Amino acid sequence: MSSVSDKYEVIVGLEVHAQLSTLSKMYCGDSAAFGAAPNTQVSPVSLGHPGTLPRVNRKAIEYAVKIGLATGSTIRRENQFARKNYFYADLPKGYQITQDKTPLCENGFIEFEVAGERKRVGLERIHMEEDAGKSTHDLDPYYTLVDLNRAGVPLIEIVSRPDIRSGDEAYQYLTEVRKLVRYLDICDGNMEEGSMRCDANISIRLKGDTGLNPRVEVKNMNSMRNVKKAIEYEFERQVELMERGERLAQETRGYDALKGVTLPQRSKELAHDYRYFPEPDLPPVIVTEEYVDAVRAAMPKLSRDLIAEYTTTYGLPEYDARVITDDKDTAFYLNDLLTLTKNYKAASNWLLGPIKSYLNENALEISELTVKPQTIADLIALIDAGKTNFAVASQRMLPELVANPTESPLAVLERLNLLQSSDEGMIKDLAVAVLAKYPDKVKAYQAGQKGLLGLFVGEVMKGSAGKADPKLTNKILTELLAG
Amino acid sequence: MKIDNALVDRLAELSRLEFDDSAKEQIKGDLQKIFDMMDKLNDLNVDGVEPLIYMSDEVNVLRADEVKGQVTREEALLNAPQHDSDFFKVPKVIKK
């Protein structure tokens, strides 16, 4: 079914603010840690006292260069800072120190997959700046309360080109950005806690048109899901306006997650006038070729590097490699596991199968998993040696090992009396007895109903209290039935 | 450049200042003098002259990522016109 919306396409550019996980702030030595008691991580600089001077955090530059390199950006040699002036209670200086005309990184890109297709979104710039404090409006009936712990925490702002064409693409873009900052270890990427925030610039146009219509900036979306929903809502809203022949105006709106709608935020007569000018208190930062080379040499492996390594060095399927590298900690767990076993595919299967289900069922992260990679490697070795099988190991042993992470898998097998038997004589006796019990089924099997083998194997397993080696049982039964 | 009421109002709004009409007249006069002086600078030929931003030639004045120089909350709140034991208190910014 086609609707009027089909005539239009949505044009989206995203601005992502990511808090850098440095110990101290961008321009002074206050702690940048999250969650401290209000106004306990402040100094004369972050409080905006007259006569104080900012000084740039070396680590913040390094982190910003890292993401620049990871996104294929051009790294600027001579960097200046600028003052962006605006009046707000949680910005005590009256200006934010940011980069205006000289962003550190330009012309990079982010690549990701959406609906099976590779998509590349260009980056206009990534620049360095500082966060503002936090205002609380609902704690006190008469006043707004201001906490300046966050004032001055280092941020990078990642500004995309208007290359995004749907809510789904925006979602995947953000997933990729979050993965990137996590692999680079420069930001924890947690949108719910505000360490990664996103504003979206959204406009629509008739398909085939090349110009851009006035855009709506939607602010304050605290999850990737909300960004996607806000884009989808805005698309419909703007299409409706345009179909009614109304003029679209450039404006700022906020996303109301409870109602699933965007609402006007700022009145237009108060349009911002930031009066940018160069920050004279901070001398330029020169990023040399040698410095960039040193940062490049120390870059950690990113998900795309690990995917290449898993598929070539370890021969894992691309699907496994992609799913595992979606989460950095899962990939690191596999990295450890791959050094402890030679059965690489089994290692991947354990992570994607039993471990993933266990974590999902208990709403846990892999970092909270009590079972260490060595234990999983031991389990794989026991299965490969025929001392247990995958079903027993994943269904019976794994829960035991989660509860008693220091016990060895072999000890668990012995304690539960599950050690698989490769005693041929015992299995053969059981097999002969089972076949004697079902003469009709034996005839049917020999007449061509090969599927009956499963029944015989099941009976032998039952007779052995689950301890018979299923592979060996299979082999012995097949031989006996062949006569 | 001629300073008019609209410009004074705009600047007052940006700097969150409030004054009555007689003060406004005085400010208009003062601003006009400041702008006239600045206009003189426009007579200078600065073709090929790079803007001067920094008073020294130093670059890369960076600091290590270390926590230091913090003050206590009591000290931080000391100069605030209004505060409680934890927060700075300011007029409500958002109207419910």
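Now for a quick tour of the structure. (Residues numbered from 1 in each chain as written. Chains lettered and ligands numbered in written order. Predicted model: local features only at pLDDT ≥ 70, side-chain atom pairs only at ≥ 80, totals over all residues. Heavy atoms only, no water.)

**Some remarks on the sheet that holds strand β5 (residues 82-85) of chain A**
Residue and element names in this part refer to chain A.
Next up, step 1: As summarised here, the arrangement of the three strands in space is β6-β5-β16, forming an open sheet in which the pairing is antiparallel. Since the sheet does not close on itself, it has two edges, and those belong to β6 (95-98) and β16 (277-278), each with one partner.
Next up, step 2: Bridge count between β5 and β16: two bridges; the pairing is antiparallel. The residue of β16 that forms the bridge with A82 is P278. (Pairing = 2+ DSSP bridges. Helix = DSSP H or I, 4+ residues; strand = E, 2+ residues; numbered from the N terminus.)

**Brief notes about the pattern of salt bridges**
All names here are of chain A.
Next up, step 1: Taken as a whole, this structure holds 46 salt bridges over all chains when the rule is applied.
Next up, step 2: Residues K66 and E62 are paired through a salt bridge, measuring 4.0 Å at the closest nitrogen-oxygen approach. Taken together, the residues span about one helical turn, with K66 and E62 both in helix α1 (residues 58-70) at a distance of four residues.
Next up, step 3: Residue E62 is classed as partly exposed on the basis of its relative accessible area of 23%.
Next up, step 4: Residue K228 is joined to E232 by a salt bridge in which the shortest nitrogen-to-oxygen separation is 3.1 Å. Pair noted here: K228 and E232 are both in helix α3 (residues 224-243), with a separation of four residues, about one helical turn.
Next up, step 5: On the basis of relative accessible area, K228 is assigned to the partly exposed category, the value being 22%. (Salt bridge = Lys/Arg side-chain N within 4 Å of Asp/Glu carboxyl O. Buried < 20%, exposed > 50% of the residue type's maximum accessible area, 1.4 Å probe, protein only.)

**As for the sheet that holds strand β7 (residues 105-114) of chain A**
All names here are of chain A.
Next up, step 1: Strand order in the open sheet formed by nine strands is β3-β7-β8-β11-β1-β12-β13-β14-β15, with mixed pairing between adjacent strands. One side of each edge strand has no neighbouring strand; the edge strands of this open sheet are β3 (74-75) and β15 (261-264).
Next up, step 2: Inspection of the sheet shows strand β13 (residues 216-221) paired to strand β14 (residues 251-256) by four bridges, in the parallel sense. Across the sheet, the residue bridging to E217 is T252, located in β14.
Next up, step 3: Lying over the sheet, helix α2 (residues 167-184) contacts β1 (8-19), β7, β8 (117-130), β11 (154-160) and β12 (196-206), oriented at roughly 115° with respect to β7. (Contact = heavy atoms within 4.5 Å. Axes fitted to C-alpha atoms, helices over the stretch in contact; angles between N-to-C directions.)

**What to know about the interface of chain B and chain A**
Next up, step 1: Counting residues at the interface gives 34 residues for chain B, matched by 52 residues for chain A.
Next up, step 2: Buried surface at the junction of chain B and chain A, both sides included, amounts to about 4000 Å², of which 58% is carbon and sulfur.
Next up, step 3: When residues of chain B are sorted by the area they lose upon contact with chain A, Y54, R63 and D65 of chain B head the list and together hold 19% of the total.
Next up, step 4: Viewed at the interface, chain A and chain B are joined by one salt bridge.
Next up, step 5: Ionic pairing is found between R10 of chain B and D273 of chain A, a salt bridge with its closest N-O pair at 3.8 Å.
Next up, step 6: Inspection of the region where chain B meets chain A yields 24 residue pairs in polar contact (both at pLDDT 80 or more).
Next up, step 7: The set of elements that each furnish at least two residues to the side of chain B that touches chain A consists of α1 (5-14), β1 (62-63), α3 (73-77) and β2 (88-91) of chain B.
Next up, step 8: Examining the composition of the side of chain B that touches chain A, we find that four residues originate from one element, β2 of chain B, more than from any other.
Next up, step 9: In the side of chain B that touches chain A, the residues fall into 16 nonpolar, five polar and 13 charged.
Next up, step 10: Pairing of strand β2 (residues 56-57) of chain A with β1 of chain B involves two bridges; the strand directions are parallel. (Buried area = accessible area lost by both parts, 1.4 Å probe. Polar contact = N/O pair within 3.5 Å; in protein donor to acceptor, adjacent residues only side chain to side chain. Nonpolar A, V, L, I, M, F, W, Y, C, P; charged D, E, K, R; others polar.)

**A look at the packing of helix α7 (residues 328-338) of chain A against helix α9 (residues 373-384) of chain A**
Residues and elements named next belong to chain A.
Next up, step 1: Where α7 contacts α9, the axes come no closer than 9 Å and their chain directions differ by 55°. The orientation of α7 relative to α9 falls into the category oblique. For the crossing formed where α7 meets α9, the hand is right-handed. Between α7 and α9, the residues in contact are Y333, D336 and L337 and P373, I376 and A377, respectively.
Next up, step 2: Along the lines of polarity and charge, the residues of the contact of α7 with α9 split into five nonpolar, no polar and one charged. (Parallel < 35°, antiparallel > 145°, perpendicular 65-115°, else oblique. Left-handed = near helix turned anticlockwise from the far one by under 90°.)

Worth remembering: the numbers are spatial, not functional.
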